[in-house]
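Letter by letter, the chains look like this.
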Amino acid sequence: MNRLVANLMDLSRLRAGALTPTVEPLPLEDIISSVTRRLAPALAGRQVRVLVREDVPAVPVDVVQMDQVLTNLIENAVRYTPKGTPIGIAAARWHGMVEIRVSDRGPGIPAEARGKVFQEFYREDVEGRRSGTGLGLAIANAIVTAHGGSMGVEDTPGGGATIWLHLPLDGRAAT
Ligand SMILES: Nc1ncnc2c1ncn2[C@@H]1O[C@H](COP(=O)(O)OP(=O)(O)OP(=O)(O)O)[C@@H](O)[C@H]1O
Ligand SMILES: [Mg+2]
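Bear in mind that the values here come from a model prediction, so they are computed numbers and not experimental data. (Residues numbered from 1 in each chain as written. Chains lettered and ligands numbered in written order. Predicted model: local features only at pLDDT ≥ 70, side-chain atom pairs only at ≥ 80, totals over all residues. Heavy atoms only, no water.)

I keep staring at the overall build of the chain and nothing clicks. Help me out?
Secondary structure assignment for the chain yields five helices and seven strands. From first element to last, N terminus to C terminus, the chain shows the α and β order α-β-α-α-β-β-α-β-β-α-β-β. Expressed along its principal axes, the backbone C-alpha trace of the chain runs to roughly 40 × 40 × 30 Å. In the chain, once contacts between residues fewer than 6 apart in sequence are set aside, the share between residues at least 24 apart is 73%. (Helix = DSSP H or I, 4+ residues; strand = E, 2+ residues; numbered from the N terminus. Contact = heavy atoms within 4.5 Å.)

And the structure:
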């Protein structure tokens with residue numbers, strides 16, 4: 001209940017512009033490794049492939065908020081895919097932005113759900129796994145939007161869900 005209320009408060013603050021990111025340029029590797037280390041118990045028995053391309057510069061992000069985004073995406077990848085299946089986290093430059101992709105090899109997100117998964121309270125039980133409150137992706141999207149970026153869903157080639165996000169490199173975020 002505490003977590004639910006805290007999440008709802010964060011979401012409305014972000015949308016009201018009252019939780020603006022405090023950005024500083026940070027190496028993505030550092031944020032990714034701190035999240036994967038914290039989630040190590042949940043990630044046990046899985047291959048986690050992290051690939052941050054060498055030409056990816058430090059990205060202006062709010063470290064607490066970006067940690068939350070990656071945590072929500074990786075928790076979903078764990079929750080909605082079979083035990084032992086791999087998870088990929090990749091970052092590359094993309095048209096003057098940085099693109100981060102979190103990919104899994106689970107059932108994927110059907111095309112008709114892709115417009116809805118970023119809405120608050122949208123949730124579905126996937127392959128018998130009880131879903132959560134339907135706030136994780138809405139919060140992630142609100143944070144990325146507050147950074148001046150965007151998010152979307154694709155198929156992982158060969159099957160599974162890939163969530164991508166684009167972050168501007170010019171510190172365009174609300175400051
Ligand atoms: N990697 C994924 N593979 C398959 N389905 C997914 C994946 N990520 C999200 N979904 C679907 O999108 C829905 C919304 O995800 P979201 O993270 O917003 O909420 P949740 O996981 O249900 O709850 P919460 O994150 O608040 O605990 C999920 O209920 C699930 O149906
Ligand atoms: Mg979730």
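Picking up after the structure, the text goes on.
I would appreciate a short explanation of the side chain of H147 in the present structure.
Considering the arrangement of structural elements, one finds H147 in the loop between helix 5 (136-146) and strand 6 (150-155). In terms of polar contacts, H147 uses its side chain to reach the backbone carbonyl oxygen of I143, at 2.9 Å. (Polar contact = N/O pair within 3.5 Å; in protein donor to acceptor, adjacent residues only side chain to side chain.)

Would you mind going over the sheet that holds strand 2 (residues 48-52) with me for this structure?
Paired through their backbone hydrogen bonds, the strands of a sheet run either parallel or antiparallel. Across the sheet, which stays open at both edges, the five strands sit in the order 2-4-5-7-6 with mixed pairing between neighbours. Each of the sheet's edge strands pairs with one partner strand only, and the pair in question is strand 2 and strand 6. Neighbour-to-neighbour, the strand axes of this sheet turn through a mean angle of 15 degrees, independent of strand direction. Across five bridges, the pairing between strand 2 and strand 4 (residues 87-94) is parallel. Bridge pairing in strand 4 links R49 to G88. (Pairing = 2+ DSSP bridges. Axes fitted to C-alpha atoms, helices over the stretch in contact; angles between N-to-C directions.)

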